[in-house]
Amino acid sequence: MNNYIIIGKVNEGKSHLFNLFSNNHKTISNPKENTTVDIIRKKISHNNYNYFLFDTPGFYNLKEFTVFKNISKCLRLNNVSFIYLAKNFTEEDIKICKFLH
């Protein structure tokens, strides 16, 4: 099964996007920073296609992202794709995307 992990800096709209895809599961989403504190998984089914979608805590920089990436290894997932949210792409965002690939 495919796994899609929504990542991005703090307060970029990750939980909002997660809520759009999962009709019956709502994560807390508000303007306050650091609202999502745990990785949240939801199985999504659409037209005979199933996948897992993950909502994740935000980070401020590459160093914090690498800590998250190490924690996410504990999930032992296969077929992982990252959805990176950013209102404005910065040099730090580019570094993080390069780190992913």
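See the structure shown above.
(A) Structural view of the overall build of the protein chain. When its secondary structure is counted, the protein chain shows 3 helices and 4 strands. Sequence-ordered secondary structure for the protein chain, helices as α and strands as β, is β-α-β-β-α-β-α. When each of the 101 residues of the protein chain is scored for burial, the buried share is 33%. A total accessible area of about 6,700 Å² is found for the protein chain, and carbon and sulfur atoms account for 51% of it.

(B) Spatial organisation of the packing of aromatic side chains. Going through the model one piece at a time under the given rule, you end up with 6 aromatic pairs. Taken together, the aromatic side chains of Phe59, Phe65, Tyr84, Phe89 and Phe99 make up a single cluster linked through ring pairs.

(C) Molecular detail of the pairing of strand 3 (residues 49–55). Most of strand 3 sits out of view: 5 of its 7 residues are buried. Across 5 bridges, the pairing between strand 1 (residues 2–8) and strand 3 is parallel. The residue bridging Ile5 from the neighbouring strand is Phe54, located in strand 3. Where strand 2 (residues 40–46) lies against strand 3, 7 bridges are found, and the strand directions are antiparallel. Across the sheet, the residue bridging to Ile44 is Tyr51, located in strand 3. Between strand 2 and strand 3, which follow one another and run antiparallel, lie 2 residues, and Asn47 among them has a positive phi close to 50°.

Analysis parameters
Residues numbered from 1 in each chain as written. Predicted model: local features only at pLDDT ≥ 70, side-chain atom pairs only at ≥ 80, totals over all residues. Heavy atoms only, no water. Helix = DSSP H or I, 4+ residues; strand = E, 2+ residues; numbered from the N terminus. Buried < 20%, exposed > 50% of the residue type's maximum accessible area, 1.4 Å probe, protein only. Areas by Shrake-Rupley, 256 points an atom, 1.4 Å probe, with all protein chains shown as cover. Phe/Tyr/Trp six-rings, centres within 6.5 Å; stacked < 30°, edge-to-face > 60°. Pairing = 2+ DSSP bridges.

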